[in-house]
Each structure stands twice: as structure tokens, then as C-alpha cells.
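Coordinates in review
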There are 2 protein chains.
Amino acid sequence: MNKAVREIDPNSDAAIAARVDPRPIEEIGAKLGVPVDALFRYGHYKAKIALDFARRAEVRADGKLILVTAINPTPAGEGKTTTTIGLGDALARAGKKVAIALREPSLGPVFGSKGGATGGGHSQIIPMQDINLHFTGDFHAISAAHNLLAAAIDNHVYWGNALDIDTRRINWRRVVDLNDRALRSVVVGLGGPANGFSREDGFDITVASEVMAIFCLARSLNDLEERLGRMVVAQTRARQPVTASQLKITGSMTALLRDAFQPNLVQTLEGTPAFVHGGPFANIAHGCNSVIATRTALGLADYVVTEAGFGADLGAEKFLDIKCRQAGLAPSAVVIVATVRALKMHGGVAQKDLGPENVEAVQRGAGNLVRHIENMKAFGVPVVVAINRFTSDTPSEIAAIEAACAAVDASVHLCSHWADGSAGAVALAEEVVSLTQQASNFSPLYESGLPLVQKIETIARRIYRAGGVSIEPGALKKLSEFEAMGYGDLPICMAKTQYSFSADPTRRGTPEDFILPIRDVRLSAGAGFVVALCGEVMTMPGLPSHPAAENIFVDETGFIGGLS
Amino acid sequence: MNKAVREIDPNSDAAIAARVDPRPIEEIGAKLGVPVDALFRYGHYKAKIALDFARRAEVRADGKLILVTAINPTPAGEGKTTTTIGLGDALARAGKKVAIALREPSLGPVFGSKGGATGGGHSQIIPMQDINLHFTGDFHAISAAHNLLAAAIDNHVYWGNALDIDTRRINWRRVVDLNDRALRSVVVGLGGPANGFSREDGFDITVASEVMAIFCLARSLNDLEERLGRMVVAQTRARQPVTASQLKITGSMTALLRDAFQPNLVQTLEGTPAFVHGGPFANIAHGCNSVIATRTALGLADYVVTEAGFGADLGAEKFLDIKCRQAGLAPSAVVIVATVRALKMHGGVAQKDLGPENVEAVQRGAGNLVRHIENMKAFGVPVVVAINRFTSDTPSEIAAIEAACAAVDASVHLCSHWADGSAGAVALAEEVVSLTQQASNFSPLYESGLPLVQKIETIARRIYRAGGVSIEPGALKKLSEFEAMGYGDLPICMAKTQYSFSADPTRRGTPEDFILPIRDVRLSAGAGFVVALCGEVMTMPGLPSHPAAENIFVDETGFIGGLS
């Protein structure tokens, strides 16, 4: 960026955040009863919770867990993270002992086009500059652990290959926490004998690493190391799986992850405690913050507001069927976020035509919202809808949403936390408190003992409303192999487009009578799920022609501008 | 590592360190007058110094600077880092206001074979587990900044290549902070049009990045960004240099480095303040900790003990001709570390035969030490020799060293800080204090205005004692080009084997009448030096057949074992 034009937009998220005086992190910890001794501070406004303290808290984990999810995302935007933060702040405003639990941002989207993941407007977590950049180094630790294993695999082959690894069948790629399309497909080991055996390889973005998924599901360092050891990284020439434990470096990987594994504590603009820890991909992984952070938060606060990636068909389903199942969690309420503009798009309106009132489009698009409400209720959890308000929304459009929700017995609250902070989510918070006093009868969608194929069919038919499932023969064979290897009890992690209930991203709204294609399946033995791929999954994004990186700068005071 | 054999060796560096109760980092800061507000703590025992406070301190920079260097290294080991720490502790024991300034370790050797870089025995900096692993994340920040630029280059080509970058002439490789030989030579951009243009590429270890060298030479964030912008990353089809500033992301790179740029403060086992910040390669870069850390330390302490990489022919020469010249520093004394065992090897004894007394070998090998003494004195700085004592050393062997040093008017002190801590370096500390009270007439070896070829010849003849220099025609041509581009005033950074004064690593002792070959030269325009390569330089190490990574583990208390 040209230095001459480095001006700070006063309405930017960064500028709004900079106008707030953050409270020392000791004060934020004290709100949850965390003594200063149990805080590993990273500067004045970030801390990790000492693991022994966190472990004592997470054993209790008796707070009310509130999941914020959304309709299928559209380019119009929904505001799931801002709603999570706004609701947390509103609960705090109502005098509740509350904590928020969110994922950490990846550097890839920060420098690409999506921007950071710290909310926006007056519903942000801070220090946003720090959280959006390296934060407490967790993702770097995960990258290092992942890449150490990759180096150990090639090193093992180099020094004689005692395990008889088939270098054509090494499935452990390398990672970098950036968008870098040139690294998607590479050949390594070129340059002669001293550099090893050349082979095809590639890089994923760090959030796509199975180490990230494991990091977010492990309950302890011991559990973490055992899961790392179970990861299948290659096959032998005899087609037998090679696990990470056979490379003898899971101890080093755990050492690299030791500090990172401690949950991070920050605050919202209004001083509400927020745990921000871990951030796995929401397609080939489960897309929620770490179990250790969520459970620690539940042990310290009476209410914990958290979010899941993508829409409720993917993010909430995985949150409930993978994370809650593995971690012994039961949510007390689900908030589904929608916007008038996004529902119009689900109703068939193009993004350029979102301006004028269009009640019919909202009515059609509300079908998408209604399905998610029905799906969430099917898990036995109380549901409420939050409309993240835009000034262009009209009363008739909002009434159309309310009517559609009333038909499935769901209440709707208008929220303006983006503009107003906690004051904009007071009614939503009151409703949530009321819902969590109801009995929740949460149960996962399917039993662990169900065959893997039937688990996939159950998700496809009951959540996506597919007419059927078409599994490629190769994938069917692999599923049988996974069951023969003893992995039949694992839950399914669906890798499907987030833009539609179907596998076709252009089919917004409420697609029906489609056949869900399962093109491939993968075993994530360490994370503890089987990934079902409905199409190509991009695990290494590229940068746009004018990446956000071109707008980011540091001024002479050290303020970082251009982040969003 | 097999879990059953995870036992902690009570004599290991990690175990010795674990038996010491570290002082809270606030107390360490207070020893140097750093208020708690100016400390960005990373847990209880590590902190960064707020940049505005550091900048105010570094402007003063009026302490006495003591450089610890060594004879040419041998497999017998010299103990430069432990001597730096032991001397610092001994100065503190004598009541002096002292700080130590060291490099940060790279993860590569920690998991490879060399081990960490936090000293050993009773002369260590702590917390050694943290420092040897991620520490405060500086190297990760440097890796991210480096790789963001790499991604931006390929992204620029992908989106139309407005700068007309010749993809065959991109010299900006990627980095990872691990030993991974498979990444030395790769092809990126495979897999079809969506992944960009395929081309040859490779990865270096992070410490070899020019970003690392810049990080360690920059005086301010502004200086840092300007240096980053000057880096030449590629050539156009018309063979014009393409600089990082043309890619428009030096602002983002600086943002990634903002926090890292603040000097890190830790302590020795005896509670002496230690700045540990930055760690560039000592062959293609200058091999010393950051200027901002050294100058901040000099602004806060009366005595600052620091070290340079490799032997005095490479490390000290670069420290004096590159770092001191650029940073406006003048050392008050130089300590040259040697061991009886290493001098025996310089005297022609094989490593397996080091046990028995061999006075003649010591006498022959002492020539190596004497040359380094003469060289350092030629810079106008007082010199003292520290013998890092081993129990096998005999009085006659030590007398032989003393006699050789007396002949060039240098005093010798026996040190046992490894075994005894500060008590083992009391006499050395007294001598150093005395030397720093003498007038120092430091001046660099050559003037900035000397032509580049003559600078190379000056180092080769006066420091290495070469009979002459043989520069490849291609390298000569490049040197002319660098001068034509306006870089003729830069100092030279020699990339030569550390094991010999010559370019032949097998020629220990005092080689003479050799011709130093200069095979290639490189411009590090951002760091501000011209690298002269005397042979192949390995910028990405490999892992050994049984890497240290196999011995590292975390026990149930969170203690990390197996680090050295």
C-alpha cells in the first residue's frame, strides 16, 4: 500500500475497537473466578488459562451451553459471530455470569478477502489486531507439529524406510497458515540423492490439518498425544496403514502443542470474557472451537455462548453429532441467525437487487430458515431465531419472517448488536435465558453403532432432505475397510458446500428430491470421525487479485490499520 | 519415543534448569529499571519490552559491550554460549548492572541433532523449554512474513503479472523453521491452471531468511519496513530487479512482525537479565541477535555480554564489520573462548584420541587461538582468552595455552561456569571489567567506500591469512552490477566454512598460502550486505537417522523432557 494513502477509516472495525479502553486481562479472569496465578498473560489483554486450572474447571462444565448457528450462508452475509458476541454481551448486561467461546482466525482469510473473525461494529472481541494476526501462537504451534511429522515421514524413507512406506501413498501433506495456491500441488525431494526421494505432495492451510481437529477435540495432553498417534499418514507397499505413532515423534508434537493447548482468554468490547481457541475447517473437519475451551468456560460461567461454522446443516449438525457427542456436552438452546437480505437471496433475488422491499422473496426464502429450525428441534433442543437487522429491512419483510417462524412454533427477535452492542440483543438474551430453563432433551441424530453408510444416509435424508444418497464404489469399499479396521463407531463429518442443503452451491432455498453424491471418504482416526466428501474440497485457498494484505499497514504509533 | 522409557535424566540441562525457582519476570525487569507497564509478559517468566520504552533506552545505549567469540569450532565443542552466560552471571555476582544478549534458537536443530541454544549445565537461560520451542513466537512471525511475500509473488504472476516477473528468475524461496531436506528443491504450481504457473522453487530454514537478517539489523519499525521493501525478490524478463515494495505487502509484513520486533527478556539460572532476540544464519547472514535487543540492553545495563556465531574469523568479523557498523556500536572488550580439547584437535589429534595429555598438540593447536587474538586486536579492542575447563585438562596443557597467549600479550582465564555457575567465571569477569576501563579504539576492518572486491580481499588476507582470492567471473560481474545499482557501499558477509580459516573444512589449525575461492555473490539489499559464497551453503538442514525429536516428550505434569 502506498504510504501516502494510509489513512484510518474511523468507521472500520479496527478504529471502533481502538476507541475502547480494554480492561486488564486479570479483571476479565476475575469475572470468572480465575486467579492471576492461573493466567499465563500474553501482554496486558490476552491470557492462557493454566492447564491444571482449566482441567479442574472443565470437569464441572455445568453451565448452560448456547449454540449460535445460521441459515445457509449467502454473499449477503448473516453475522453469526457478531450475534454470538452480542448475545454474550447482552447476557452479561442482564447480570449473568457468561463466557463466549469462539474459533481463532486463520491468517489466510485475514490477508485474503474474507477478513478476520473477531466480529464487527460494536460486537467485537479485542484486541482484534492481535487475535487476527498471531494471537497466542496456537496456529503456528499446530503448523510446526504438523510439518515436523511430515519431515519425519520423508526422513524415515530417506534413512532406509524400515516401515516400508509407499511414497506414492503418503497422505500426510504439509501445511502453511496462508492462502497460497502455488503450494496446492508440488513435487518435493528434487535435486538429487541428498534431498531424498522425489514424490508428489501438497500443502493445505493449517486449519485443514487433522492436528487442528485433534487439538479441538482432545480432553487432555495425554488424549491429545494418543489421538496424534492414531493418525494414519501413509500406507505400506502392502497397503497397511502407517500411523503417526510409528514415526516416534508424537512426544515432540505434543511438546510443540503443550502451551497452545491451554485455552485463550480475551474480552469483548464490553468486557465480557471470551475464550478463543482452535479453529478447524468446517468442511473436512468439524468447525468449532476447542473442547477444552468450551468445557473450561462451562466450568467457570453459568452461560456459555458459542458458534459453529457455516449453516446449521453442516456446522450445527457436526457440533451436535461430533463435538457434543465426543465431549459429553448437551446444549441448552440453539440460536439461528438470519438476515432479511440473505433470506431474499434464498428466495431467488440476485445480490444486486437486494435493495428494494420484496416480501414475497422473503416468504420464499424463509423456507430455508424453517428447515433449519425443524432440524435443530429434531435434536431435542429449544430454538430461537435472531434477525440480524439492517437499516434497509422493512416491517413487512420482518413480519413475513415472523409468520414463517410462528408456523413452526419458533420465536423471532430483531437484533441490532452490530450498531448498538449489548443493547441491541436484550430481548434475545431474555428469551435465551428463558429457553435454557426448559428441559432440553438433546440427543445426537444417530447412534454410534449404526453402520457408516447408514449414518451418511441419516444425515442426508433427515438434515439435508435428500431423496437419496449415491456413494461411489471406491468410497463404499473404503467405508467397509474403515469398519473392518474398527472405526465403524465413528461419527460422520460431511464435507459439502455450505451454500445449499444439497451438494450444488447454486441451489439456495429449500432444494428437494436431490441425490446427495458421496465421491470419496477419508478416515480421520485421530480426530475420531470419517469424512464424507460430496465434491472437491478446497483445502488451500488462493489470494484474490487485490488481497486484503495490500491494505494492511502499521503506523508510527504501532497501530495496525486495514484489518477487518 | 516409547512411553515406558520416558525417564528424566537428573544431570540433563532440562533437569538442572527445572531445579531452579525462576524469579518472576517483573523482578528481572526491575533489575534493569523496566517498569511493569513496559513489560508485555508471556506467562510468568518471559516478557517483551514495549517498543516505545525500548526505543527510549536504545537511544542512550551507553553501556559497555563485551563480545564473546571463539576459536574455529571443532566437534570437541567450545562453549561460547555457556561462557557468555557464565560471564554475565559473574559480572552480576560482582555487583555490576549487567544484561546478556543472545540469539533465539531455531526449531530445526532442537528437533535435529544440535539441540537448543540456551547454554548448559549451571550456565543456562530459562525457561529453557519455552525458549527452545516457540518462545514468544518471533520465528513464526518471520516465517509468516516471509511466506506471505512468496505467496504474493506467485499471486502477482497468476493475476496477470503486471510487473513482468520472469518466473525462472524468482529468487525468493519459501521457509519453514524445521529441518526438512525434502523441501530443499521442489516444483510448485502443479495441478493445472487454477494453481498457477509451475516453476522450480525451494524452502530454506527460517533463520536463513533475509527477513530474519533485516529483523536483526533494523532500528525501528519504519526502518524494518523500508528494508523489507528494498529486498530484491526476482528479475523481470528484461532482467530488471523486482523489489518487495513493488508487491505492495511490506505493510502486512511489518504488521506480522510488529510484536515480534520488541526485544524478549528472560533470565539466567542465577537471575541475570538476558535479552534473547532474533537469530540469523551465521553464513549467508551475520549471525548475531537483534540490534534493537543489544542497543536496548546497552541503554539499560552498564555491561552487556553478547556472542557472535561460529569462530571469530566469521562471527566476530561480521559482528564488528556489519552489525557494529550499521548499528553504531563499539565493543569494549572481546572474550575468545577455547578448550584444551578443541585446541588439541586444531593440533592434529583425532576426536577419539582426545583423552590422554598431549602438550605438543596443544602447542600446535594454540596457533589457531593466537591468530584469532591477533585478528581481534587488529580491530582495536582489548582481548582476553577464556578456557572453558574440562576435568581431563592437565596443568601442562593449560600452561601451554598460557604461554602461547602471553607471547601475543593476551591473558588467559580458566573458567568452570558450566559446573559452578558464576563462581566459575569470577576472575574472567574481573579482567573484563578492567579491560573495559581501558580506552577502546574500535574501528571496522575496512572503509565502506572501498570497492566490493577489495573488501573481500581485505577480509581474506587480513583475517583468514589467505595468499589471495579467486573470484569466479560470474561473481565478479555481479559485484560490478551491485556497484552500478548503488550498493557498492555495503559491507561483505562471508559465507565460508566455520571449521577453518580457509574454505576447506578439513584444514584445522593455521592454514596458510591458500587461495580463497569466491564462487558466487548475492545481494541482500534489505539487510544491507553483499554475501560472498566460498562454496555451497546448506540453507535447509536435514534430520539425522535418529533425530532428537524422537527423545522429546511431555510427562503428565507438563514437563518437557528430552530437550538439550
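Predicted model, so just to flag it, every value in this text is computed and none were measured. (Residues numbered from 1 in each chain as written. Chains lettered and ligands numbered in written order. Predicted model: local features only at pLDDT ≥ 70, side-chain atom pairs only at ≥ 80, totals over all residues. Heavy atoms only, no water.)

In this complex, chain B contributes 74 residues to the contact, which on the side of chain A involves 74 residues. Taking both partners together, chain B and chain A bury about 5900 Å²; carbon and sulfur atoms supply 58% of that area. Ranking the residues of chain B by area buried against chain A places Arg41(B), Arg181(B) and Arg258(B) at the top, with a combined share of 10%. Across the contact surface, chain B and chain A share 6 salt bridges. The salt bridge partner of Glu26(B) is Arg41(A), with a shortest N-O separation of 3.8 Å. Counting across the chain B and chain A interface gives 33 residue pairs in polar contact (both at pLDDT 80 or more). Of the residues assigned to the side of chain B that touches chain A, the class counts are 39 nonpolar, 19 polar and 16 charged. (Contact = heavy atoms within 4.5 Å. Buried area = accessible area lost by both parts, 1.4 Å probe. Salt bridge = Lys/Arg side-chain N within 4 Å of Asp/Glu carboxyl O. Polar contact = N/O pair within 3.5 Å; in protein donor to acceptor, adjacent residues only side chain to side chain. Nonpolar A, V, L, I, M, F, W, Y, C, P; charged D, E, K, R; others polar.)

For the rest of this paragraph, the subject is the packing of helix H14 (residues 359-378) of chain B against helix H15 (residues 395-407) of chain B. All names here are of chain B. For the pair H14 and H15, the least separation of the axes is 9 Å and the interaxial angle reads 35°. The two elements H14 and H15 meet at a crossing, and its hand is right-handed. Together, Val-359, Val-362, Gln-363, Ala-366, Leu-369, Val-370 and Ile-373 of H14 and Ser-396, Glu-397, Ala-400, Ile-401, Ala-404 and Cys-405 of H15 make up the contact between the two elements. Of the residues assigned to the contact of H14 with H15, the class counts are 10 nonpolar, 2 polar and 1 charged. (Axes fitted to C-alpha atoms, helices over the stretch in contact; angles between N-to-C directions. Helix = DSSP H or I, 4+ residues; strand = E, 2+ residues; numbered from the N terminus. Left-handed = near helix turned anticlockwise from the far one by under 90°.)

All names here are of chain B. Orientation of helix H8 (residues 210-217) relative to helix H9 (residues 221-230), taken along the N-to-C sense of each, is 150°, at an axis distance of 9 Å. By the angle between their directions, the pair H8 and H9 is classed as roughly antiparallel. Viewed along their axes, H8 and H9 form a crossing whose handedness is right-handed. Between H8, through Val-211, Ile-214, Phe-215 and Leu-217, and H9, the contact on the second element is made entirely by Asp-223, Leu-224, Arg-227 and Leu-228. (Parallel < 35°, antiparallel > 145°, perpendicular 65-115°, else oblique.)

With that settled, the discussion passes to the pattern of salt bridges. A side chain with one charge may pair with a side chain of the opposite charge, provided their charged atoms come close. Per the stated rule, a full pass over the model turns up 56 salt bridges over all chains. Here Glu481(B) ties to Lys477(B) by a salt bridge, and the two come within 3.3 Å at their closest N and O atoms. In this pair, Glu481(B) and Lys477(B) both sit in helix H19 (residues 473-484), 4 residues apart, roughly one turn of the helix. Lys477(B) sits in the exposed class, given a relative accessible area of 56%. Salt bridges sharing partners connect three or more residues here, namely Asp154(A), Arg174(A), Arg199(A), Asp201(A) and Asp180(B). (Buried < 20%, exposed > 50% of the residue type's maximum accessible area, 1.4 Å probe, protein only.)

Per the stated rule, a full pass over the model turns up 8 aromatic pairs over all chains. Measuring from ring centre to ring centre gives 6.0 Å for Phe215(A) and Phe261(A), while their planes differ by 85°; the resulting arrangement is edge-to-face. Highlighted residues: Phe215(A) in helix H8 (residues 210-215) and Phe261(A) in the loop between helix H10 (250-257) and strand E14 (264-268), separated in sequence by 46 residues. Overall, the relative accessible area of 0% leaves Phe215(A) in the buried class. Residue classification places Phe261(A) among the buried positions, given a relative accessible area of 0%. Seen in terms of ring centroids, Tyr158(B) and Trp159(B) are 5.2 Å apart; in terms of plane orientation they differ by 80°. Their pairing is edge-to-face. For Tyr158(B), a relative accessible area of 27% corresponds to the partly exposed category. (Phe/Tyr/Trp six-rings, centres within 6.5 Å; stacked < 30°, edge-to-face > 60°.)

A few words now on the UniProt feature "binding site: ATP" (unreviewed entry) in chain A. All names here are of chain A. Those residues carrying the UniProt feature "binding site: ATP" (unreviewed entry) are Thr-74, Pro-75, Ala-76, Gly-77, Glu-78, Gly-79, Lys-80 and Thr-81 in this numbering. With respect to the helices and strands, the residue Gly-77 is situated in the loop between strand E3 (64-70) and helix H4 (80-93). With relative accessibility at 24%, the residue Gly-79 sits in the partly exposed group. (UniProt positions renumbered as here; feature names shortened; annotations may be inferred.)

Residues and elements named next belong to chain A. When its domains are assigned, chain A resolves into domain 1 (62-118 + 273-436), domain 2 (139-257) and domain 3 (452-534). Each of domain 1 and domain 2 was reduced to a C-alpha centroid, and the two centroids are 35 Å apart. The interface is formed by 26 residues belonging to domain 1 together with 16 residues belonging to domain 2. For the pair domain 1 and domain 2, the summed buried surface comes to about 1600 Å²; carbon and sulfur atoms form 65% of the total. Looking only at domain 1, the three residues that lose the most surface to domain 2 are Leu-107, Phe-281 and Gln-326, adding up to 25% of its buried area. Taken together, domain 1 and domain 2 are joined by 0 salt bridges. Summed over the shared surface of domain 1 and domain 2, the result is 6 residue pairs in polar contact (both at pLDDT 80 or more). Sorting the residues of the side of domain 1 that touches domain 2 by element identifies helix H5 (107-111), helix H11 (291-300) and helix H12 (312-327) as the ones contributing at least two each. Across the side of domain 1 that touches domain 2, the residue classes tally to 13 nonpolar, 10 polar and 3 charged. (Domains from an automatic or database assignment.)

Moving on, we get to H11(A). Along an α-helix, residues three or four positions apart point the same way, because every turn accommodates 3.6 residues. Residues and elements named next belong to chain A. Most of H11 is tucked away, with 10 of its 10 residues classed as buried. Of the residues making up H11, those classed as buried are Val-291, Ile-292, Ala-293, Thr-294, Arg-295, Thr-296, Ala-297, Leu-298, Gly-299 and Leu-300. On its buried face, H11 is in contact with helix H3 (51-60), E3, strand E4 (98-102), strand E15 (273-276), strand E16 (303-307) and H12.

On to the relation of the copies chain B and chain A, then. Under the fitted operation, chain B is carried onto chain A by 0.0 Å of movement along the axis and a turn of 180°, and the coordinates agree to an RMSD of 0.0 Å. Such values leave the two copies arranged in the relation of a two-fold axis. Residue Tyr42(B), judged by its C-alpha, is the member of chain B lying nearest the rotation axis, at 2.2 Å. A symmetric contact is evident, with 100% of the interface residues of chain B recurring at the interface of chain A. (Least-squares fit on C-alpha atoms with pLDDT ≥ 70 in both.)

Here we come to the side chain of Asp393(A). Residues and elements named next belong to chain A. Relative to the elements of secondary structure, Asp-393 occurs in the loop between strand E18 (383-388) and helix H15 (395-406). It turns out Asp-393 is buried and unbridged, and the closest side chain with the opposite charge, Arg-389, is 5.9 Å from it. Within the structure, Asp-393 has its side chain in polar contact with the backbone nitrogen of Phe-390 (distance 2.9 Å). Residue contacts for Asp-393: discarding those within four places in its chain leaves Val-340, Asn-388 and Ile-398. (Lys, Arg positive; Asp, Glu negative; His and termini not counted.)

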